[in-house]
Amino acid sequence: MKNWIKFFSIFLLILSLSLIVIVGWKSYSPFYSAEKTAKEAVLQDHQLKTVTDTYVYHGKDSYVTVIGTDSNGKNKAVFVPQDHKEKPTEVLMKDGISKKEALSEATKNGDVKKVLHTKLGLEKPGVVWEITYLNKQDKLNYVYIMFDNGRWWKRISNL
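This structure is a prediction, so every number in the text was calculated from the model and none was measured. (Residues numbered from 1 in each chain as written. Predicted model: local features only at pLDDT ≥ 70, side-chain atom pairs only at ≥ 80, totals over all residues. Heavy atoms only, no water.)

1. Looking at the overall build of the protein chain
Within the protein chain one finds 2 helices and 8 strands. Going from the N terminus to the C terminus, the protein chain shows its helices and strands as α-β-β-β-β-α-β-β-β-β. Here the protein chain has a C-alpha radius of gyration of 20 Å; the compact-globule value for 159 residues is 15 Å, and the former is much larger. Projected onto its principal axes, the C-alpha positions of the protein chain cover 70 × 45 × 30 Å. Here the protein chain holds 159 residues, and the buried ones make up 33% of them. For the protein chain, the accessible area works out to roughly 10,500 Å², and carbon and sulfur atoms hold 57% of it. If you average the places of the 24 positive and of the 17 negative side-chain charges in the protein chain, the two averages end up 7 Å apart. (Helix = DSSP H or I, 4+ residues; strand = E, 2+ residues; numbered from the N terminus. Rg over C-alpha atoms; globule rule 2.2 N^0.38 Å. Buried < 20%, exposed > 50% of the residue type's maximum accessible area, 1.4 Å probe, protein only. Areas by Shrake-Rupley, 256 points an atom, 1.4 Å probe, with all protein chains shown as cover. Lys, Arg positive; Asp, Glu negative; His and termini not counted. Charge placed at Lys NZ, Arg CZ, Asp CG, Glu CD.)

In structure tokens:
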């Protein structure tokens, strides 16, 4: 009887872990597919020669941000719209503040426990850095900093 209990316990544990892995993999696959498609399109259209970073940005509209170097050796970000109704928007990285400067501006109040992510995205007023972090009370916070001048655009606190 003990062997059957051990067998079913181990079986249920393996089944649970397998389901968790499958659900996680399936939930990320649309993001991976969108990133891969945008990266290939940017490289094929010769907007970038090499790609260093790619991620999905969800604001008012959804974009895939592709960051890399163009054929002239300049660092550039290309925003590929998910709906494919508009043409991709490009911005030179030297024309705005860096990721490090945006993080410094967003976290200067000192109430940051852990930075979750920093993404470059496109919103109505222009290109923004989206910084998501947990504060010392473990509350979720979003800070949007304008890429061109480093000023705060929007802040969502204590979610």
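2. Focus on the sheet that holds strand β4 (residues 89-92)
Spatially, β1-β2-β3-β4 is the arrangement adopted by the 4 strands of the open sheet, whose pairing is antiparallel. Of all strands in the sheet, those bounded by a partner on one side alone are β1 (50-58) and β4. Across this sheet, the average inter-strand angle for adjacent strands is 20°, counted without regard to direction. Pairing of strand β2 (residues 62-69) with strand β3 (residues 75-81) involves 7 bridges; the strand directions are antiparallel. The residue bridging Y63 from the neighbouring strand is P81, located in β3. (Pairing = 2+ DSSP bridges. Axes fitted to C-alpha atoms, helices over the stretch in contact; angles between N-to-C directions.)

3. Remarks on the pattern of salt bridges
For the coordinates displayed, the defined rule picks out 5 salt bridges. The shortest N-O distance in the salt bridge between E105 and K108 comes to 3.1 Å. With a relative accessible area of 21%, E105 lands in the partly exposed category. Given the relative accessible area of 59%, K108 is considered exposed. Taken together, the shared-partner salt bridges in this structure form one network comprising D70, K76 and E90. (Salt bridge = Lys/Arg side-chain N within 4 Å of Asp/Glu carboxyl O.)

4. Overview of the sheet that holds strand β7 (residues 140-146)
Taking strand neighbours across the sheet as the criterion, the 4 strands line up as β5-β6-β7-β8 in an open arrangement whose pairing is antiparallel. Every other strand in the sheet has two partners, leaving β5 (112-123) and β8 (152-156) as the edge strands with one partner each. The sheet shows a mean angle of 15° between the axes of neighbouring strands, taken without regard to direction. As judged from the 4 bridges shared by β7 and β8, these two strands associate in the antiparallel manner. Paired with I145 across the bridge in β8 is W152. In the packing of helix α2 (residues 99-106) onto the sheet, the strands contacted are β5, β6 (126-135), β7 and β8, and the crossing angle to β6 comes to about 50°. (Contact = heavy atoms within 4.5 Å.)

5. Points about unusual backbone geometry
Of note in the backbone geometry, H46 takes a positive phi value of approximately 60° without being a glycine. With respect to the element layout, H46 can be found in the loop between α1 (2-44) and β1. Overall, H46 belongs to the exposed group, its relative accessible area being 67%. Phi angles above zero are rare outside glycine, and D138 is one such case at about 60°. A relative accessible area of 45% means that D138 is categorised as partly exposed.

6. Digging into a nonpolar patch on the surface
A cluster of nonpolar side chains, namely W4, F7, F8, F11, L12, L15 and L19, defines an oily patch on the protein surface of about 750 Å² accessible area. Its location among the elements puts L12 in helix α1. (Patch = residues over 30% accessible without salt bridge, like charges linked within 9 Å, V, L, I, M, F, W, Y side chains within 5 Å.)

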